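What follows is each chain in one-letter form.
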Amino acid sequence: MSFKTVLAMIGNMEPAADLARAMEIATELEAHLSVVVAGLAVPATMGDFPAGTVWLDQRDEDLRLLDGIQKQAVGACEANGLSFDVDVLYADSGFVSEEIHRRALYADVLVIGDGVRSDSALTRRIVDGGVFDARRPLLLMPKDRSTTLKPRRILLAWNSRAEAAQAAREALEMMTWAEEVHVVLVDPDTSYWVSGGEPGADVAAYLARHGINVVVEQLLSGGRLVEDVLERHALEINADLVVMGAYGHSRLRERVFGGVTASMLVESKFPVLIAR
């Protein structure tokens, strides 16, 4: 699909770096950049009514900080000649998820940088509202690597599940632009009812019908974590982007026990597009 509206979530950690990455993506795509400067409000102490002055002072301080980031974002977007809008979102966690959901409905892709990713609570709200509720793809933009949505080489993490198929569909137009798409299966289930006669062959045929140059690779983890295998292989093939489905297991199980998606959200130093 064409990405014409980019929704960038910016927090109070490394906001300038995260905004710079988002502006690069919007410029590359000639897209409208919708920036949300987001913060999770500190909840009042249970039973503390009226609210104490410490709580009120903290909220005032948070809002002043976010307002300052908003002004800086407006100035940067204007200086770069972008089509843009910038808003502040400061509320309790549940309301933040709902507002991200509402905004993501009218965006083609959400983007977050390392500053937001360092705040696990805010990242969770973005995933809940944007990826799960609004079903929009989420792009992770690490500060130490160039990020592009016009990649030459893509690694598509494949496991024959609906989430991976949805991610492939979200990235289909990008894959038609790419020189090469590597469909990578780690320790694939070779049973017919899971992967067909040959793991990866069905999705490769589907992509090839769209004129995509596909390479299927089955990798053994050798006891390593799947996310580590994917990132190492992305480096080996000089991929520009990893595309993967979000949360093959239940959200609760992923949060409690970890998983590939949870690890990628926190630790990946590679550009990743996550969809569900």
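Calculation rules
- Residues numbered from 1 in each chain as written.
- Predicted model: local features only at pLDDT ≥ 70, side-chain atom pairs only at ≥ 80, totals over all residues.
- Heavy atoms only, no water.
- Axes fitted to C-alpha atoms, helices over the stretch in contact; angles between N-to-C directions.
- Helix = DSSP H or I, 4+ residues; strand = E, 2+ residues; numbered from the N terminus.
- Parallel < 35°, antiparallel > 145°, perpendicular 65-115°, else oblique.
- Left-handed = near helix turned anticlockwise from the far one by under 90°.
- Contact = heavy atoms within 4.5 Å.
- Polar contact = N/O pair within 3.5 Å; in protein donor to acceptor, adjacent residues only side chain to side chain.
- Core = buried A, V, L, I, M, F, W, Y, C linked by side-chain atoms within 4.5 Å.
- Buried < 20%, exposed > 50% of the residue type's maximum accessible area, 1.4 Å probe, protein only.
- Arc of directions from axis to C-beta.
- Pairing = 2+ DSSP bridges.

Colleague: For this particular structure, what's the right way to read the packing of helix 3 (residues 93-104) against helix 5 (residues 120-133)?
Modeller: Packed helices, taken two at a time, are described by the angle between their axes plus the distance between the axes. Between helix 3 and helix 5, the shortest axis-to-axis distance is 8 Å and the interhelical angle comes to 40°. By the angle class used here, helix 3 and helix 5 are oblique. By crossing handedness, the relation of helix 3 to helix 5 is classed as right-handed. Residue-level contacts link Ser93, Val96, Ser97, Ile100, His101 and Ala104 of helix 3 to Leu122, Arg125, Ile126, Asp128, Gly129, Gly130 and Asp133 of helix 5.

Colleague: What's the story with the environment of Arg117 in this structure? I'm lost.
Modeller: The topology assignment puts Arg117 in helix 4 (residues 114-117). In sequence terms Arg117 and Pro142 are 25 residues apart; their C-alpha atoms lie 9.3 Å from each other. Separated by 3.1 Å, the side chain of Arg117 and the backbone oxygen of Met264 make a polar contact. A polar contact of 2.7 Å, which involves the side chain of Arg117, links it to the backbone oxygen of Ser268.

Colleague: What should I look at first to understand the nonpolar core in this one?
Modeller: In this structure, Leu33, Leu139, Leu149, Trp158, Met175 and Leu207 are the most contacted members of the largest nonpolar core, which totals 50 residues. The biggest single contributor to this core is helix 1 (residues 15-29), with six residues. When residues no more than four places from it in sequence are discounted, the contact partners of Met175 are Ile154, Ala168, Val181, Leu207 and Ile212. Grouped together as the second largest cluster of nonpolar side chains are 40 residues, Met9, Ala38, Leu230 and Ala246 included.

Colleague: I would appreciate a short explanation of helix 9 (residues 201-208) in the present structure.
Modeller: Since there are 3.6 residues in each turn of an α-helix, residues three or four apart along the chain are aligned in direction. What helix 9 keeps buried is the set Val203, Ala204 and Leu207. End-on, the buried residues of helix 9 take up no more than an arc of 105°, which puts them together on one face. Looking at the packing, one finds that the buried side of helix 9 touches strand 6 (153-157), helix 7 (172-177), strand 7 (180-186) and strand 8 (214-219).

Colleague: Is there a simple way to explain the environment of Glu98 in this structure?
Modeller: Its place among the elements puts Glu98 in helix 3. The class for Glu98 is exposed, based on a relative accessible area of 53%.

Colleague: What exactly am I supposed to notice about the environment of Asp119 here?
Modeller: Its place among the elements puts Asp119 in the loop between helix 4 and helix 5. Asp119 sits 80 residues away from Gly39 along the chain, and the two C-alpha atoms are 9.9 Å apart. Within the structure, Asp119 has its side chain in polar contact with the backbone nitrogen of Leu122 (distance 3.1 Å).

Colleague: I keep staring at the sheet that holds strand 10 (residues 272-275) and nothing clicks. Help me out?
Modeller: Across a sheet, paired strands are connected by hydrogen bonds in the backbone, their directions being either parallel or antiparallel. Reading across from one edge, 3-2-1-4-5-10-9-6-7-8 is the order of the 10 strands in this open sheet, with mixed pairing throughout. Strand pairing shows two members of the sheet lacking a second neighbour, strand 3 (84-91) and strand 8, which therefore form its edges. On average, each strand axis in the sheet is tilted by 25° relative to the strand beside it, whichever way the strands run. In this structure, strand 5 (residues 138-141) lies alongside strand 10, joined through three bridges in antiparallel fashion. Within the sheet, the bridge partner assigned to Leu140 lies in strand 10 and is Val272. The strands touched by helix 6 (residues 162-170) within the sheet are strand 6, strand 9 (241-245) and strand 10, with strand 9 carrying the most contacts at an inclination of about 135°.

Colleague: Sorry if this is basic, but what is going on with unusual backbone geometry here?
Modeller: What you tend to see is this: most non-glycine residues have negative phi, and most peptide bonds are trans. Phi at Glu14 takes a positive value of approximately 50°, unusual for a residue other than glycine. Tracing the chain through its elements places Glu14 in the loop between strand 1 (5-10) and helix 1. Look at Arg135: it is not a glycine, yet its phi comes out positive at around 60°. Structurally, Arg135 is set in the loop between helix 5 and strand 5.

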